[in-house]
Amino acid sequence: EAGVAQSPRYKIIEKRQSVAFWCNPISGHATLYWYQQILGQGPKLLIQFQNNGVVDDSQLPKDRFSAERLKGVDSTLKIQPAKLEDSAVYLCASSLYSRDKNTEAFFGQGTRLTVV
Amino acid sequence: AQSVTQLDSQVPVFEEAPVELRCNYSSSVSVYLFWYVQYPNQGLQLLLKYLSGSTLVESINGFEAEFNKSQTSFHLRKPSVHISDTAEYFCAVRTGFQKLVFGTGTRLLVSP
């Protein structure tokens, strides 16, 4: 079974530039997450999709971050314009949807973003 | 809203010694609990998860965690660690709506 695919693995941009990350979840997984992991910290949930609808985006800085999941499959996360503090690893994860069962989230390798 | 506390940012231990990584959570509803491991430059991998009905859960590589509802804890233990266990360990909690919240992580450093 193929895992969660993310690209690119690494990205270096200057502040105020734009950047986009792509994620392809495991086939059949209705739930998709984007996390931001700053060095030395735990992953912070940015946005959670259920199919192509947003379940939670309470911690997404909406003035500069946007995400979409057209057709309920793959997803893109965009930052425009980037700030120095956006330097982090951006993790995508997916899981089967189940309100009551203990379904685990599977993570991709992440995209390491460096803003200079 | 649920939250996770990992009090120890770093735990140094000698090879073959026992180790315990602490995790406490807070939530007003029933939760599901997870431990993830992250090796250098890699993504998060599930180590073990709490299944309702059994308070002690085990992983295939010798780790175990015990769910204690009265103390709202889910500590991770291993009776004898190996050099290859050196990694970052994250405790996570999820509610029925599947919002998955992570702790700040504990770096386990195993030395010879």
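Structure: see above.
Below is a short write-up of the structure.

Within chain B one finds zero helices and 12 strands. When the elements of chain B are put in sequence order from the N terminus, they spell out β-β-β-β-β-β-β-β-β-β-β-β. In terms of its C-alpha atoms, chain B occupies a principal-axis envelope of roughly 45 × 30 × 25 Å. The buried share among the 112 residues of chain B stands at 47%. Of all intrachain contacts in chain B linking residues separated by at least 6 positions in sequence, the fraction that spans at least 24 positions is 56%. Surface accessibility of chain B: about 5500 Å² in total, with carbon and sulfur atoms responsible for 53%. Where the 8 positive side-chain charges of chain B centre and where its 9 negative ones centre are 12 Å apart.

Let us now look at the state of the cysteines. According to the stated counting rule, one finds two disulfides over all chains in the structure shown. Two residues, C23(A) and C92(A), share a disulfide whose sulfurs are 1.9 Å apart. Disulfide C23(A)-C92(A): the torsion about the S-S bond is -70°, which places it as left-handed. Within this pair, whereas C23(A) is found in strand β3 (residues 19-24), its partner C92(A) is found in strand β9 (residues 88-95), the two being separated by 69 residues in sequence. Residue C23(A) is classed as buried on the basis of its relative accessible area of 0%. The disulfide partner of C23(B) is C91(B), and the S-S distance across this bridge is 2.0 Å. Residues C23(B) and C91(B) share a disulfide whose torsion about the S-S bond is about -65°; that sign makes it left-handed. Within this pair, whereas C23(B) is found in the loop between β3 (19-21) and β4 (24-26), its partner C91(B) is found in strand β10 (residues 87-94), the two being separated by 68 residues in sequence. On the basis of relative accessible area, C23(B) is assigned to the buried category, the value being 0%. A relative accessible area of 0% means that C91(B) is categorised as buried.

Our focus in this paragraph is the interface of chain A and chain B. Opposite the 30 residues of chain A that make contact, chain B presents 22 residues. Each partner contributes to the roughly 2000 Å² buried at the junction of chain A and chain B, and carbon and sulfur atoms together form 41% of this total. At the boundary of chain A and chain B, one finds one salt bridge. Residues E104(A) and K49(B) are paired through a salt bridge, measuring 3.8 Å at the closest nitrogen-oxygen approach. Applying the counting rule to chain A against chain B returns four residue pairs in polar contact (both at pLDDT 80 or more).

Conventions used here
Numbering of residues starts from 1 in each chain and follows the order in which that chain's sequence is written. Each chain gets a letter, beginning with A, and each ligand a number, beginning with 1, in the order they are written. Totals for whole chains, interfaces and linings use every residue, but because this is a predicted model, local features are given only for residues with pLDDT of at least 70 and side-chain atom pairs only at 80 or more, for both listing and counting. The side-chain figures draw on all heavy atoms in the structure; neither hydrogens nor water molecules are used. The secondary structure listing takes helices from DSSP runs of H or I that are at least 4 residues long and strands from runs of E that are at least 2 residues long, numbered from the N terminus. The buried label applies to any residue whose accessible area, calculated with a 1.4 Å probe on protein chains only, is under 20% of its type's maximum; exposed applies above 50%, and partly exposed to all values in between. Contacts: residue pairs with any heavy atoms within 4.5 Å of one another. Per-residue accessibility takes into account occlusion by the displayed protein chains alone, with areas from the Shrake-Rupley method and a 1.4 Å probe. As used throughout, the charge tally considers Lys and Arg to be positive and Asp and Glu to be negative, leaving His and the chain termini uncounted. In plain terms, the charge of a residue is placed at NZ if it is Lys, CZ if Arg, CG if Asp and CD if Glu. Note on terminology: pairs of cysteine sulfur atoms within 2.5 Å are recorded as disulfides. The term buried area means the drop in 1.4 Å probe accessible area that two parts suffer when joined, counted for both and summed. Any carboxyl oxygen of Asp or Glu that lies within 4 Å of a side-chain nitrogen of Lys or Arg is treated as forming a salt bridge with it. For this analysis, a polar contact is any N or O atom pair within 3.5 Å, provided that within protein one partner can donate a hydrogen and the other can accept it, and provided that sequence-adjacent residues contribute only side-chain to side-chain pairs.

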